[in-house]
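Topology and contacts: notes
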Amino acid sequence: PVAYYRLDRLAEQTGTDLGRLPFSIKVLLENVLREAGEGPVTAEDVRTMAAYDPAAPAEVEIPFTPARVLLQDFTGVPAVVDLAALRSAMARVGGDPEAINPRVPVDLVIDHSVQVDAFALPQAFQINADIEFQRNAERYEFLRWGAGAFDNFSVVPPERGICHQVNLEYLAKAVWTRTEDDGTVLAYPDTLVGTDSHTTMINGLGVLGWGVGGIEAEAAMLGQPAYMLLPRVVGFKLSGRLREGVTATDLTLTVTEMLRKHGVVGDFVEFYGPGLSSMSLPDRATIANMAPEYGATMGFFPVDAETLDFLRRTNRSPEAVDLVEKYTKAQGLFRTDDTPDPAFAATLGLDLGEVVPSMAGPKRPQDRIVLPDVRQSFHTSLTAPAGPHGFGLDAADATGTFVGPDGAETELAHGFVAIAAITSCTNTSNPSVMLAAGLLAKKAVERGLHVQPYVKTSLAPGSRVVTAYLEAAGLQTSLDALGFSLVGYGCTTCIGNSGPLPDAVAAAITEGKLIAAGVLSGNRNFEGRIHSLVKANYLASPPLVVAYALAGTVDIDLDTDSLGTDRDGQPVYLRDLWPSQAEILDAIRTAVHPAQFAALYDDIEHSNPRWNAIETSEGAVYDWQDDSTYIQEPPFFQDLDAEAAPIAPIAGARVLALLGDSVTTDHISPAGAIPASEPAGQFLRAAGVEPKDFNSFGSRRGNDRVMTRGTFANIRLKNALAPGTEGGHSVHLPTGEAGYLHDVAERYKEDDTPLLVVGGTDYGMGSSRDWAAKGTMLLGVKAVLVKSFERIHRANLVGMGVLPLTFRDGESLDTFDLDGTETFAVPVGDDLQPRQDLTLVATRADGTAVDVPVVVAINTPVEVEYYRHGGILNYVLRDFLKAQPVEA
C-alpha cells in the first residue's frame, strides 16, 4: 500500500474546483501540498496555489520542489565542478565537505561529447568512440570521481544515448515513490528540472519538468526549491489525425510556428482535445521537446491510456504501470476523451489533418517553410538583409569547385547540401520517423540512387534501441549504403559537434564564398551553431534528411523535381520513395519490442567496460590538478565573506557589447570549435595543447580560464561597438582601441571599470547554458540591459549575481540618441524590489546626461536575495556555513 496527498480533500477544504484547473497546475498544487511544513514551503503557498485562477493567475511566487535532477555532460560537468568547489570551500573553513551532497536523485547522461569525425564507414562508430574517450579523458576521470564521491548521483556512461531519450525510455517513472521516516511509502508525481533546455521532452509522458541553468539545478540538487511566478497556462487543442505522408516532425514545426507567433515565453502550454488520442507518445514527446523553440517553459501532455501503453512497451514493470494508473486516476490527473476541457488563460487549436510537410530555416526553428516553397525561400534569403532571415549577399549566383576522391570536378552553387544529419533527441526518439527514413533509404537503394559525394552524412540516434529496431526491420543496411552509418549515440550535429568537413568541400565553400546548407533532424539551427562554414541550416524529418542528401541541394522543389535517375535512366521523385503510413506501422509492429528496452537498459550505468576501467582519485574533496586544461577549481567561492554585502549602485559603467535582436546563448557562449588565433585558443596553446587537441568549448566547460575567454566569441556575433567585425571583438573606451572582447574586458578590470551588455529582443534564447551567465559575470559585466529576455538565461544571470534590466516597451538606446559609447550609472540599492522601475543615467563624452528608464527583470523576492548574495550558490554556501560548526 502507498500513501498520497489527496487533492480532492484539499479541494473540499479550500473550495477549489479541480475540474477547471489545467493538469499541469494540479501537479504543482500537489507539489506544494506535499512539501509544505517547517521548511521553505508554507501553508500560505498551498493556499496561493489552491486559489489559482486559470484566466488571470496572480503575480505571486510559488516554490517548486522537483523529485529529481537530470544533467547532460556539457552542462553537467560545470555543475559537478561547482559542487566539488563548494566542498573545497567548505573544507577550507573547517566544515564538513560531505555536507555538500545532492539531496534528491541526480542522473547525469554523457551524450554531448561525441563528434562526427568519421562518417559513412562501417567502423565510424568505433572510431568516433575511441576519439571521444581520448579527447575527454580528464573530464571522464572527474565524472567518475563524482559518481563515487556524491550520494544520490549516478552517471550513464558514453555511447549509451541522449539524456532526454534515456529519460523517456528508462529514468522517468511518471509516478515517483519515497519511503518516509516512519516507513510509509509515499507516492507523488514524477517531476524534475534538467540542465538542458530540451528536458521538456519528458512532458510527453505527463511528467512535469523543464530546463534550467546549471546554477538553478545545483540549487535544486542541494535542497533549494525553485521559485517561480504562478504560470499562465495556454491551452492548445488538437483534433483529427495526421494525413498520409505527414510526419510528427511536420506537426511539431507547425505547432512551434503557431505558438511562437502567439507568444508563450515563460508560459506553460498544455495540450488537450480528442486529437491526443490519435497521437503516439513519441509524437507527443517530439512536440514537448521543442518547447524552448516555441518559447514556453514546457509543453505538457497529461497521462492517459497511451502513456500507460508506452510504459509497457518500454519494459516498465507491471507494478509500476499499475501504480501510475491508480494514482493518476485517484488524483484527477488521468485524461480521457470524456474529460471536460480545463480553463486556460488563452487557447489555440489545430486540426491535425491540416498539417502539411514542412521544414524550418535557414537560421531559426520557428521559421517554418512549406516543403514546395523551400527553393524560393532559400533564394529570397540569399539577398535578404543580413539577419535572422537573410544573408545579405549582393548577388544570388556563385560557384565553387568540388574535387572528389576520384579527381572528378563538380561545380557547386549556393544551397548545396554539405551536411545531412539524422541526429538529436527530438526525432530520433520517434520510431515512426526513424523507420520512415530507413524505408525511404531502402527504396532509394533498390532504385540505384546514391547520395552526392560532397554530402557529409551521419546517423546519431538518441538510444541504442533505435539501432536494434532498424536492424530488426532490415533497414540499417540501406541506410549504410547511402552513407548514414552509425556515428555515435549522442547529440552530435545538433549541438555543433558535426566535426570537420572534408577538405575538398571546405575548399569549395571558401573558394566560391558559398552559402552551403545543412539539413538535420534536430531542434536548433541557429547561426554559427551547426558548422562555421555551413550557414543555411534546415530542420527536417529524418526521411527528408535522406531525401535532401540524395538531391544534394536545397535549391530544389521536391514536389516537381527528381532526386536523381535510377539504373534505367528514369527520374525518381520523392513521392516514389516516400513510405506509406501502413508500411511504417507494419515496421513498428514487427521491429519494436519491449525486450529491446530490457536488454539495452539493464544495468546501463555499468554497461560500458571502457568507462568502468577509468582510474580516478578518491575522497570527499576533489584533488584539483594545476596543469589540467579541462578541470579547474572556479573562482566563484574563493575568498567568500561569511555575510553578503549590501547591494550597491553601479557607477561609471562602460558598454562591452552592443548587440541586436535574437542573440542566443550560442552567441554568448559557443559550444563548438575553439579558434586557435583567438584568446581561448591562445591560452590553450600557451598551456601546451596543440590545436588538433583543442576539442570544443562545450567539452571544456570545467575550465573557467578557457570559457571566460570564449564568452561572446561566437564567429557570427556582431558587436555594434566594433563595426565591420564578426566574432568576439570590442572597443576599449574612451581610448577607442579595438581588440578581442576578452582582452578589452581585462583592460577594464585593471582600472575597476564595471561593464554593461546591451541587447535587443529575445536575448539569451536557445540552450540553457549556464556558462553564458558565468562567462558574462567573470568578464566583469555587472548588468545586462535588453528589450526582452528568454526565461532561462534571465534566471541564470540572476543566479550569477548579474543584474538583468529591460527597456520599457518600444524603447532602446536609439530612443535616447545614445550609441553605447557613454558611461552609465545604475542606481540600484539595498532596497531593491522585484520588477522595480529604475532610471539609468547615461553620460556622453561632452558631459551631457540622459535619463533612461528601465525595469529590473528580477521577478521574485527570493531572486533579490540571490542577487544580493552574488548568486544562488553563494547564497546556498552561506546557508550551509551557518549550519556548520567551523573552526576559528
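In this report, we go over the structure that sits alongside the text. (Residues numbered from 1 in each chain as written. Predicted model: local features only at pLDDT ≥ 70, side-chain atom pairs only at ≥ 80, totals over all residues. Heavy atoms only, no water.)

1. Things to note about the sheet that holds strand S11 (residues 268-272)
Taken together, four strands build an open sheet; the order of strands is S12-S11-S10-S13 and the sheet is parallel. On the outer flanks of this sheet lie strand S12 (298-300) and strand S13 (346-351), each paired with one strand and no other. Taken pair by pair, the neighbouring strands of this sheet meet at an average axis angle of 20 degrees, ignoring direction. Relative to S13, strand S10 (residues 233-239) runs parallel, the two sharing six bridges. Pairing of Ser-239 across the sheet is with Asp-351, part of S13. (Pairing = 2+ DSSP bridges. Helix = DSSP H or I, 4+ residues; strand = E, 2+ residues; numbered from the N terminus. Axes fitted to C-alpha atoms, helices over the stretch in contact; angles between N-to-C directions.)

2. Focus: the environment of Ala-398
Structurally, Ala-398 is set in the loop between helix H14 (374-383) and strand S16 (399-403). Overall, the relative accessible area of 21% leaves Ala-398 in the partly exposed class. Sequence-wise, Ala-398 and Gly-512 are 114 residues apart; in three dimensions their C-alpha atoms are separated by 5.9 Å. Setting aside chain neighbours within four positions, we find Ala-398 in contact with Leu-412, Ala-413, His-414, Gly-512 and Leu-514. (Buried < 20%, exposed > 50% of the residue type's maximum accessible area, 1.4 Å probe, protein only. Contact = heavy atoms within 4.5 Å.)

3. Looking at the packing of aromatic side chains
We describe a pair of aromatic rings using the distance from one ring centre to the other and the angle between the two ring planes. Within the structure shown, the criterion is met by 23 aromatic pairs. Seen in terms of ring centroids, Phe-271 and Phe-301 are 4.5 Å apart; in terms of plane orientation they differ by 10 degrees. Their pairing is stacked. You can see Phe-271 sitting in strand S11 and its partner Phe-301 sitting in the loop between S12 and helix H12 (305-313), a full 30 residues away along the chain. The same class applies to Phe-271 as to Phe-301, namely buried. The rings of Phe-142, Trp-145, Phe-150, Phe-153, Tyr-622 and Trp-624 are connected pair by pair, giving a single aromatic cluster. When the ring centre of Phe-23 is taken as reference, the NZ or CZ atom of Lys-26 above it lies at 4.4 Å. Over the ring of Tyr-630 we find Arg-700, and its NZ or CZ is 3.9 Å from the ring centre. (Phe/Tyr/Trp six-rings, centres within 6.5 Å; stacked < 30°, edge-to-face > 60°. Lys NZ or Arg CZ within 6 Å of the ring centre and 35° of its normal.)

Any functional reading would require information that these geometric values do not contain.
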